[in-house]
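Below, each chain spelled out in residue letters.
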Amino acid sequence: MKARNNQTHYGWVAIILHWLMAPAIIGLFVLGWWMRQLSYYDPWYQQAPNIHKGIGILLLVALVLRLLWRTINTIPRDEPNIPRWQALAASATHALIYLLLFAITLSGYLISTADGRAIDVFGWFSVAATIQGIPNQEDLAGSLHEILAWSLIVLVSLHTLAALKHHFIDRDATLRKMLGLPISPFRSEEQNINTTTKKETST
């Protein structure tokens, strides 16, 4: 497998970034929900938010790398059996997910730095508090952070369901491309037959 994408496959760089980010997004949501239930005297009361912040910053780094890599790479073609409206909806969903990730990170940053303290990322580096002093900054950013997080998890769930539909119902290679698996000749042949049949039926 090559590092760069081509017309039919994703390269290993795009695949690794995708599968690093996917569990991080879900894990951060679960961790964020769980740590809101903790009491002040729970031993995880301080540690869980620090982990949440650190992974959040690393996720932002991965997102920037992924978008930069995407701009200098070919994007594999959509499968021929996918209607145009579905392809457009998928592109819009991807763009909205990226936008939400940036917005969630910004709101999380505003929560964490409202008191002027930098964000420590596992002792590797820190992110300075450059925006502070906004009235009710922590509360407003916290409410926005929660709304955006729920919106993101809904979109990610829809994205996951769509990928499973392509794999198990449409039987195309959409999911296999991002898994780094070879495209099954049987599926490709069956897909072409179905596409030809649809075209003939429509004419």
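Residues numbered from 1 in each chain as written. Predicted model: local features only at pLDDT ≥ 70, side-chain atom pairs only at ≥ 80, totals over all residues. Heavy atoms only, no water.

## Brief notes about the overall build of the protein
Applicable threshold: Note on conventions: DSSP H or I runs of at least 4 residues are helices, E runs of at least 2 residues are strands, and numbering of each starts at the N terminus. Using a 1.4 Å probe on the protein chains alone, a residue whose accessible area is under 20% of its type maximum counts as buried, one over 50% counts as exposed, and one in between counts as partly exposed.
Each helix and strand counted, the protein has six helices and two strands in total. Order of helices (α) and strands (β) in the protein, N terminus to C terminus: α-α-α-β-β-α-α-α. The principal-axis extent of the C-alpha atoms belonging to the protein is close to 65 × 30 × 30 Å. The buried share among the 203 residues of the protein stands at 33%.

## Notes on the pattern of salt bridges
We apply this condition: Any carboxyl oxygen of Asp or Glu that lies within 4 Å of a side-chain nitrogen of Lys or Arg is treated as forming a salt bridge with it.
By the definition in use, this model includes four salt bridges. In this structure, Glu146 and Arg36 form a salt bridge, with 3.7 Å as the shortest nitrogen-oxygen distance. Of this pair, Glu146 sits in helix 4 (residues 137-168) while Arg36 is found in the loop between helix 1 (12-35) and helix 2 (44-71), placing the two residues 110 residues apart along the sequence.

## Some points on the packing of helix 1 against helix 4
Just so we agree on the cut-off: Axis definition: a line fitted to C-alpha atoms, over the contacting stretch in the case of helices. Angles run 0 to 180 degrees between N-to-C directions. When an angle is under 35 degrees it counts as roughly parallel; over 145 it counts as roughly antiparallel; between 65 and 115 it counts as roughly perpendicular; any other value is oblique. Handedness of each helix crossing follows the sense of rotation of the near helix against the far helix: counterclockwise by less than a right angle gives left-handed, clockwise gives right-handed. Residue contacts follow a heavy-atom distance rule, with two residues in contact if any of their heavy atoms lie within 4.5 Å. Nonpolar residues are Ala, Val, Leu, Ile, Met, Phe, Trp, Tyr, Cys and Pro. Charged residues are Asp, Glu, Lys and Arg, and all others, Gly as well, are polar.
One can describe the packing of helix 1 onto helix 4 by two numbers: an axis separation of 10 Å at closest approach and a directional angle of 135 degrees. Taken as axis vectors, helix 1 and helix 4 run oblique relative to one another. Like other packed secondary-structure pairs, helix 1 and helix 4 cross with a definite hand, here left-handed. Two secondary-structure elements touch here, helix 1 through His18, Ile25, Ile26 and Phe29 and helix 4 through Ala149, Trp150, Leu152, Ile153, Val156 and His159. Looking at side-chain class alone, the contact of helix 1 with helix 4 contains eight nonpolar, two polar and no charged residues.

## Things to note about unusual backbone geometry
A positive phi angle, near 55 degrees, is found at Phe122, a position not held by glycine. Secondary-structure assignment places Phe122 in the loop between strand 1 (119-121) and strand 2 (125-127). Here the phi dihedral of Asn136 falls at roughly 55 degrees; this positive angle occurs in a residue that is not glycine. Its place among the elements puts Asn136 in the loop between strand 2 and helix 4. The class of Asn136 is exposed, set by a relative accessible area of 56%.

## Observations concerning the environment of Leu148
Tracing the backbone through its elements, the reader meets Leu148 in helix 4. For Leu148 and Ser107, which are 41 residues apart along the polypeptide, the C-alpha to C-alpha distance reads 9.0 Å. Apart from the residues lying within four places of it in its own chain, the contact partners of Leu148 are Leu100, Ala103, Ile104 and Ser107.

## Concerning the environment of Leu100
Relative to the helices and strands, Leu100 resides in helix 3 (residues 84-112). Taking C-alpha positions, Leu100 is 27 Å from Gly123, a pair spaced 23 residues apart along the chain. If near-sequence neighbours (up to four positions away) are discounted, Leu100 is found in contact with Leu148, Ser151, Leu152 and Leu155.

## Remarks on the side chain of Ser107
With respect to the element layout, Ser107 can be found in helix 3. Contacts of Ser107, omitting those with residues within four sequence positions, involve Ala141, Leu144, His145 and Leu148.

## Side note on helix 2
So the rule is basically this: To estimate the expected span of a helix, count its residues, drop one, and scale the result by 1.5 Å.
The first and last C-alpha atoms of helix 2 sit 40 Å apart over 28 residues, in line with the 40 Å expected at 1.5 Å per residue. Here helix 2 has its buried residues at Ala48, His52, Gly54, Gly56, Ile57, Leu59, Ala62, Leu63 and Arg66. The secondary structure elements touched by the buried residues of helix 2 are helix 1, helix 3, strand 1, strand 2 and helix 4.

## Examining helix 3
End to end, helix 3 covers 42 Å across 29 residues, agreeing with the expected 42 Å (1.5 Å per residue, within 8%). Ala87, Ile97, Tyr98, Leu100, Leu101, Ile104, Thr105, Ser107, Gly108, Tyr109, Leu110 and Ser112 are the residues of helix 3 that are buried. Against helix 1, helix 2, strand 1, strand 2 and helix 4 lie the buried residues of helix 3.

## Section: the packing of aromatic side chains
Our working definition: Between 30 and 60 degrees the pair is tilted, below 30 it is stacked and above 60 it is edge-to-face, where a pair is any two Phe, Tyr or Trp rings, Trp via its six-membered ring, whose centres lie within 6.5 Å.
Evaluation of the coordinates by the stated rule reveals five aromatic pairs. Relative to Tyr41, the ring of Tyr40 lies with its centre 5.3 Å away and its plane at 90 degrees, an arrangement referred to as edge-to-face. Overall, Tyr41 belongs to the exposed group, its relative accessible area being 75%. Here the aromatic cluster, defined as three or more aromatic residues joined through ring pairs, consists of Tyr40, Tyr41 and Tyr45.

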